[in-house]
Amino acid sequence: MSPQPRPRSGRIALRALRPEPTPVRTVPRAARWRVNGPTGHPLVDHLRRQPYPAAGPEVDVLVLADRWPAAGSAGLLDAYRRSTGRMLTVVHSGAGGGSLLRGLAASDGRPAGTIALAEPTVPALRRAVGLLAAPAGGDEFTVDADGAVHTIGWTATPLPGRRPRLAGRTVLVTGGLGGLGSRIAVALAAAGATPVLLDRRTVSECPPDVRRIVGVLRRRCPAARLRTADLTDPEATGAALAGLRPYAIVHCAGRIAGGTGVQLDGPAVDALVAAKVTSLETVLATVRTGRLRAVLAFGSLTAHGAHPDLAGYALANELLRRATARYAAAHPTVRCCTAEWSLWSGAGMARQVARLAARRLGMVPVPVATGVTAAVRLLAALADPPADTDPPGSLLICGERPGTQGAWAGRPEGVPGVDAALMVPAGDDLDAAIRSVAEAAAGDATLIPEGTVGGAPLLVRATVSGDGVDCLVHAGSDPEGPALRNTRFRLFRAGG
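Residues numbered from 1 in each chain as written. Predicted model: local features only at pLDDT ≥ 70, side-chain atom pairs only at ≥ 80, totals over all residues. Heavy atoms only, no water.

Q: Provide a residue-level description of the overall build of the protein, including the pertinent values.
A: From N to C terminus, the protein includes 12 helices and 21 strands. Taking all 496 residues of the protein together, the buried fraction comes to 51%. In the protein, the share of contacts with a sequence separation of at least 24, taken over all contacts with a separation of at least 6, comes to 72%. (Helix = DSSP H or I, 4+ residues; strand = E, 2+ residues; numbered from the N terminus. Buried < 20%, exposed > 50% of the residue type's maximum accessible area, 1.4 Å probe, protein only. Contact = heavy atoms within 4.5 Å.)

Structure below.
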């Protein structure tokens, strides 16, 4: 993957972040636990052999295995609602679930934690017990076999820069009649590939913009095909894909729906998971791997952090990443990557739900043309990687506009704790803008009021530091000049 040219100021570019384990130091804490988990799970057996602590915070512990169970959504929602007054911690061996729990907890300020056990060794089990009462906030603790603990950090990495070489290749696009899938198909055709669009809808059921794009696709690539099937139905999917031997798969299928913990129920969350995860697993189980070289799954940054109004959608994207990684481990000749995107501008599902949140955060949207180009190049790099490169198993990709971003604190946009920035037009309420940016950056802060500044457009930047958030106000015309105002917020988080 070649380095990207430095973008000109004001032009939206893409920032790609690669997940990397980040060691953390933890202090064991005794907890009075109430455990709910399968008999025979190593942690359940370990806990039941331990003497019950005489004192300590009460914690409900939900233990999951290496796969998300059929009734996992309802089980976690029920455990959360029954744990009122106590902390809930999910411990799993690969099943996941932290994204749903963090979203639920963020909606009402309750403490919650997620622990992933890499291996159920004695040192790992002992360390996990000491973490049961340690709220992880927007992070998941992973306990390694030796008892060491890490979370996920992010390292900037270049996106592929060379033109894709897909001439004559058949590429399957699931969710191909969606806003993103249809645009990806046109870009694939422009790169010489033959797209096959697989969707549960027909063209006549699509909105006008998608019908127009399909018309463009047919003119540019008469060999492109449209196939209809419910991708959660193995028999229907098998019939739709009969005889197809794709070179690559782009998985754009999915659904999005908002809803707080009060509004969510098991079937609603299961429907989101099925649209994202079951559909992919059904397609991968149907397609023969003889010619398959790459799988690019479209995920979302909501899989990380705590997203109270998108907790079910966040879980679907977390489980998508885990399912893609499992397939990659079982099929080493197929290179797989989950691209966890920020909000797209003009296409995609999340823009319908998350516009207000993105505006408050000052999130830079991913332009459709820029994102589609990056996606096709990433797919081609997975299928035919340049020499001496290691294609990532997952990437988080955000929009970036130089000159309008605050200093980056090491987290992707949209994840609690990230720095945020917002341009404030002259005459607007600066105090309201400062509060909005700080709340977006930290999630929970108290404003220390000061005076106001007026005149010209202003740039408000928020930086998380220690137990507070620093908001700096700069002249919009001189974002790197001296600060016109500095407001400090103190953080007050539930449980800490």
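Picking up after the structure, the text goes on.
Q: Please give an account of helix α8 (residues 266-286) that cites residues and values.
A: Side chains three or four residues apart in an α-helix point the same way, a direct result of the helix having 3.6 residues per turn. Along its length, α8 reaches its greatest deviation from straightness, about 45 degrees, at Ala274. Along α8, the positions that sit buried rather than exposed are Gly266, Val269, Leu272, Val273, Ala275, Lys276, Val277, Ser279, Leu280, Thr282, Val283 and Leu284. (Bend = angle between axes of the 7 residues up to and from the residue.)

Q: Report on empty space enclosed by the protein, specifying residues and quantitative values.
A: For the structure on display, the rule yields one cavity of 30 Å³ or more. The volume enclosed by the largest cavity comes to roughly 50 Å³. The wall of the largest cavity is formed by Pro160, Arg162, Arg163, Pro164, Arg165, Arg377, Ala380, Ala381 and Asp384. For the lining of the largest cavity, the residue count by class is four nonpolar, no polar and five charged. (1 Å grid on protein atoms, 1.4 Å probe; cavity = no way out; pocket = protein on both sides within 12 Å on 5 of 7 lines; lining within 4 Å. Points joined across faces, edges and corners; volume = space filled by probe spheres on them. Nonpolar A, V, L, I, M, F, W, Y, C, P; charged D, E, K, R; others polar.)

Q: Run through the pairing of strand β3 (residues 58-63), naming residues and quoting values.
A: In terms of burial, β3 is a largely internal element, five of the six residues being buried. Examined bridge by bridge, strand β2 (residues 32-36) and β3 share five bridges and lie parallel to one another. Counterpart to Asn36 in the pairing with β3 is Leu62. Running through helix α1 (residues 42-49), the crossover from β2 to the neighbouring parallel element β3 is left-handed. Here five bridges tie β3 to strand β4 (residues 87-92), and the two strands are oriented parallel to one another. (Pairing = 2+ DSSP bridges. Right-handed = clockwise from strand over helix to strand, strands pointing away.)

Q: Run through the packing of aromatic side chains, naming residues and quoting values.
A: Applying the stated rule across the entire model yields four aromatic pairs. A centroid spacing of 6.2 Å and a plane angle of 40 degrees characterise the contact between Phe298 and Trp344, whose relative ring orientation is tilted. Taken together, the positions of Phe298 in strand β12 (residues 294-300) and Trp344 in strand β14 (residues 344-345) put the pair 46 residues apart, joining distant regions of the chain. Each residue in the set Phe298, Trp341 and Trp344 is aromatic and connected to the rest through ring pairs, giving one cluster. Over the aromatic face of Tyr80 sits the side chain of Arg110, whose NZ or CZ is 3.9 Å from the ring centroid. The lysine or arginine in question, Arg169, covers the ring of Tyr247, its NZ or CZ lying 4.1 Å from the ring centre. (Phe/Tyr/Trp six-rings, centres within 6.5 Å; stacked < 30°, edge-to-face > 60°. Lys NZ or Arg CZ within 6 Å of the ring centre and 35° of its normal.)

Q: Which residues make up the pattern of salt bridges, and what values go with them?
A: Should their charged atoms come close, side chains of opposite charge can pair. Counted according to the given criterion, the structure contains 12 salt bridges. One salt bridge connects Arg162 with Asp384, and the closest N-O pair in it is separated by 3.7 Å. Placement of the pair is Arg162 in the loop between β7 (149-157) and β8 (170-174) and Asp384 in the loop between α11 (368-383) and β16 (394-400), with a sequence separation of 222 residues. Taking the relative accessible area as the measure of exposure, Asp384 reaches 31% and is therefore partly exposed. Each of Arg34, Asp60 and Arg86 takes part in salt bridges that share partners, so that together they form one network. (Salt bridge = Lys/Arg side-chain N within 4 Å of Asp/Glu carboxyl O.)

Q: Which residues make up the pairing of strand β9 (residues 194-199), and what values go with them?
A: Extensive coverage of β9 is indicated by the burial of six of its six residues. Side chains of β9 alternate between two faces, with Thr194, Val196 and Leu198 and Pro195, Leu197 and Asp199 buried alike. Bridging between β8 and β9 involves five bridges; their strand directions are parallel. For Thr174, the partnering residue across the bridge sits in β9 and is Leu198.

Q: Summarise α1; cite the residues concerned and give the values.
A: Of the positions making up α1, those classed as buried are Leu43, Val44, His46 and Leu47. Down the axis of α1, the smallest arc covering the buried residues is 165 degrees, so these residues share one side. Looking at the buried side of α1, the elements it contacts are β2, β3, β4, β5 (112-117) and α4 (122-130). (Arc of directions from axis to C-beta.)

Q: A description of the packing of α1 against α4 should follow, citing residues and the corresponding values.
A: Across the interface, α1 lies against α4 with an axial gap of 10 Å and an inter-helix angle of 70 degrees. Classified by the angle their axes make, α1 and α4 are roughly perpendicular. The hand of the α1/α4 crossing is right-handed. The residues of α4 that touch α1, namely those facing Pro42, Leu43, His46 and Leu47, are Leu125, Arg126 and Val129. Considering only residue class, the contact of α1 with α4 consists of five nonpolar, one polar and one charged. (Axes fitted to C-alpha atoms, helices over the stretch in contact; angles between N-to-C directions. Parallel < 35°, antiparallel > 145°, perpendicular 65-115°, else oblique. Left-handed = near helix turned anticlockwise from the far one by under 90°.)

Q: Quick rundown of the side chain of Thr170? Include the residues and the values.
A: With respect to the secondary-structure elements, Thr170 resides in strand β8. When sequence neighbours within four positions are dropped, the list of residues in contact with Thr170 reads Thr194, Val196, Arg225, Leu244, Arg245, Pro246, Tyr247 and Ala248.

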